[in-house]
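# Chain and residue survey
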Amino acid sequence: MSEYKLLINGKLVDGAKSSPVINPATEEPVALCPRASEAQLNEAVAAAKAAFPAWAATPIAERKKALSAIADVIEANGAELARLLTQEQGKPIGDATGEVYGTAAFFRYFTMLDLPVKVIEDSEGKKVEAHRRPLGVIGAIVPWNFPMILMAFKLPPALLAGNTVVLKPAPTTPLTSLKLGELIKDILPAGVVNILADENDLGAPLTAHPDVRKISFTGSTATGQKVMVGAAGLLKRITLELGGNDAGIVLDDVNPKEAAPKLFQSAFQNSGQVCIAMKRLYVHESIYDEMCDELAAIANNTIIGDGLKQGTQLGPLQNRMQFEKVKELIEDAKKTGKVIAGGEVPDEKGYFIRPTIVRDISDGTRLVDEEQFGPVLPVIKYSDPEDAVARANASPYGLGGSIWSNDKNKAYELATKLDSGSVWINKHADLAPNIPFGGARLSGIGSELGEEGLAEFTQLKIINIAK
């Protein structure tokens, strides 16, 4: 097994203890992972605080060079990182490779942005300028479904803005982050980036630490609420990208055979473990039966297995806790709907669940109302598009949604009525580093990506000059 270290103040160090990271496809250890103590967390925050003044004073052009160098290193080690990502997360190696190289692309995108001084007014009596200043130490908390790319939602803009960072990956997928720390430790000054793995016990002390000025968190709504409470005492800045229950609404003019593969991919990418995956699908009654049949056929023909094996299309659930939760939702759905594909767990090692389609199910059931975060899709019949939008909006979540129709004007009109942070037409979950991303209601606070996401890592400072 490879050896992994924490990154604290520019040095690779052992944790206070260690525990295994489990491959979800085999249930066997990938490696022993160092786990940080709270004392080591405090060391990391102190190192980031000490490094902040010099890093904030570093010209932005130099900070951009550092981001480019990190992108180069990720690309140079892309194959190794992708294999490691598949081993600890479970996704097919092709998807892991795309995530790794996508991470490098996100770093490069932020090198194209600037934080110029904006002149708000320049009149006879005064000149008013808007400056964007770094905040200080950022706590970045990353989940287990996309350990690399979701890190790249946070680390590049934080660094570009002149902040220093304490990065905490998920306890079940820490290895790619720790490997990244090893690869970049000499690119940045000591303390600018610190990377700690824990046993799910350092989120609260990181959030509440008096020297951390902002928390950028991606994860469940329940944990996001705890982050918000923990940050409240010091009025820390927070960005929360939380759970979703994205609805797709298919109008009556859609060809089921043509649309079904796109809908299936929208729901089942990464075995459904995507915050903005399509998690409930409303289909017009006139095409409902045909659409259900098409989706079931795709599900039945999908190859699940170890992500390192050639031909695998969907991997396992990432961890046992999520595996048990999804199995429970499927058992409940068997009582409230009709399973027409999947619904069973293979009799083998690994957290595998076959892609599952459930029809003849309605709002008010657990599978429709809750976020399954797994390879299960409820398909719900409707007759009135306005009613489908109202039912989609009845959820307390509001991360994303999509409208599917050959009439783009009609689709656009309905899209304006969906109450969510992102709405797609004839596609779903299309993200890019230049497009702001954030949720409504219980799906989060603030934005990531794009110029808006960069601004969230800054303090707005107004200088008002009398003439």
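### Considerations on the environment of Lys11
Here Lys11 shows up in strand S2 (residues 11–13). Exposure remark for Lys11: the relative accessible area of 57% places this residue in the exposed category. Counting along the chain gives 192 residues from Lys11 to Gly203, while the straight-line C-alpha distance between them is 22 Å.

### What to know about the sheet that holds strand S15 (residues 356–359)
In any sheet, the strands associate via hydrogen bonds between backbone groups, in a parallel or an antiparallel arrangement. If you walk across this open sheet you meet the seven strands as S14-S15-S16-S13-S12-S18-S19, and the pairing is mixed. Of all the strands in the sheet, just strand S14 (338–341) and strand S19 (422–425) have a single pairing partner and so form its edges. With direction set aside, neighbouring strand axes in the sheet form an average angle of 25°. In this sheet, S15 lies alongside S14 in antiparallel orientation, the contact comprising three bridges. If you follow Val339 over to S15, its bridge partner there is Val358. Its contacts with the sheet place helix H9 (residues 256–268) against strand S12 (246–250), strand S13 (278–284), S15, strand S16 (376–382) and strand S18 (400–404), and it is angled at close to 150° to S13. Taken strand by strand, helix H14 (residues 408–415) contacts S18 and S19, and its axis lies near 165° from that of S19.

### Overview of the pairing of S15
Of the two faces of S15, the one lined by Thr356 and Val358 and the one lined by Ile357 and Arg359 are each fully buried. In this structure, S15 lies alongside S16, joined through three bridges in parallel fashion. Bridge assignment links Ile357 to a residue of S16, and that residue is Leu377.

### Focus: unusual backbone geometry
A positive phi is found at Leu235, a non-glycine position, where the angle reads about 50°. The phi dihedral of Asp360 is positive, around 55°, even though this residue is not glycine. Within the fold, Asp360 resides in the loop between S15 and helix H12 (366–369).

### Brief notes about a nonpolar patch on the surface
A contiguous nonpolar surface patch, about 280 Å² in accessible area, is contributed by Ile120, Leu460 and Ile462. Within the secondary structure layout, Ile120 lies in strand S5 (residues 118–122). Look at Ile120 and you get exposed, because its relative accessible area is 55%.

### As for the pattern of salt bridges
A full pass over the atoms with the stated rule returns 35 salt bridges. Residues Arg108 and Asp72 are paired through a salt bridge, measuring 2.6 Å at the closest nitrogen-oxygen approach. One end of the pair, Arg108, is in helix H4 (residues 93–110); the other, Asp72, is in helix H2 (residues 60–76), with 36 residues separating them in the sequence. When its relative accessible area of 41% is taken as the criterion, Asp72 is described as partly exposed. With a shortest N-O distance of 3.3 Å, Lys279 and Glu371 are connected by a salt bridge. Here Lys279 is found in strand S13, whereas its partner Glu371 is found in the loop between H12 and S16, with 92 residues between them in sequence.

### Digging into the sheet that holds S5
Within the open sheet, the three strands sit side by side as S5-S6-S22. Their pairing is antiparallel. Two strands bound the open sheet, and with one partner strand each, they are S5 and strand S22 (458–466). Within this sheet the neighbouring strands show an average axis-to-axis angle of 20°, counted without direction. Direction of pairing for strand S6 (residues 126–134) relative to S22: antiparallel, over a ladder of nine bridges. Within the sheet, the bridge partner assigned to His131 lies in S22 and is Lys461.

### Notes on the side chain of Arg359
Along the chain, Arg359 falls in strand S15. In this structure Arg359 comes out as buried when scored by relative accessible area, which is 13%. A polar side-chain atom of Arg359 sits 3.1 Å from a polar atom in the side chain of Asp360. Excluding its chain neighbours within four sequence positions, the residues that come into contact with Arg359 are Tyr288, Asp289, Cys292, Gly337, Lys338, Ile340 and Val379.

### What to know about the packing of helix H3 (residues 78–89) against H4
Interhelical geometry of H3 versus H4 gives an angle of 125° and a closest axis separation of 8 Å. Judged by the angle between their axes, H3 and H4 are oblique. The way H3 lies across H4 gives a crossing that is right-handed. Residue-level contacts link Gly78, Ala79, Leu81, Ala82, Arg83, Leu85 and Thr86 of H3 to Ile93, Ala96, Thr97, Glu99, Val100 and Tyr101 of H4. For the contact of H3 with H4, the class distribution of residues is eight nonpolar, three polar and two charged.

Cut-offs used in this document
- Residue positions are given per chain, counting from 1 as you read along its sequence in written order.
- For a predicted model such as this one, the threshold for reporting local features is a pLDDT of at least 70, and the threshold for listing and counting side-chain atom pairs is 80 or more; totals across whole chains, interfaces and linings nevertheless cover every residue.
- Side-chain measures were taken over the full set of non-hydrogen atoms in the model, leaving aside hydrogen atoms and water.
- Helix and strand assignments come from DSSP, with helices taken as H or I runs of at least 4 residues and strands as E runs of at least 2, each series counted from the N terminus.
- Working definition: with a 1.4 Å probe on protein chains only, accessible area under 20% of the residue-type maximum means buried, over 50% means exposed, and in between means partly exposed.
- Paired strands, as defined in this entry, are two strands with at least two bridges between them according to DSSP.
- Orientation is described by axes fitted as lines to C-alpha atoms, over the contacting stretch for helices, and by angles from 0 to 180 degrees between their N-to-C directions.
- The contact criterion used is simple: two residues touch if any of their non-hydrogen atoms lie within 4.5 Å.
- Within the patch definition used here, like charges are joined within 9 Å and nonpolar side chains (Val, Leu, Ile, Met, Phe, Trp, Tyr) within 5 Å, considering only residues with over 30% relative accessible area and no salt bridge.
- For every accessible area listed, the method is Shrake-Rupley and the probe measures 1.4 Å; residues are considered covered only by the protein chains on display.
- A pair is scored as a salt bridge if a Lys or Arg side-chain nitrogen falls within 4 Å of a carboxyl oxygen belonging to Asp or Glu.
- Throughout this description, a polar contact denotes any pair of N or O atoms lying within 3.5 Å of each other; where both atoms belong to protein, one of them has to be capable of donating a hydrogen while the other can accept it, and for residues adjacent in sequence the pair is counted only when both atoms sit in side chains.
- Reported orientations rely on four angle classes, namely roughly parallel under 35 degrees, roughly antiparallel over 145, roughly perpendicular from 65 to 115, and oblique for the rest.
- If you view the pair so one helix is near and one far, a crossing is left-handed when the near helix is turned anticlockwise from the far one by less than a right angle, and right-handed when it is turned clockwise.
- Only Asp, Glu, Lys and Arg are considered charged in this grouping, and only Ala, Val, Leu, Ile, Met, Phe, Trp, Tyr, Cys and Pro are considered nonpolar; every other residue, Gly among them, is considered polar.

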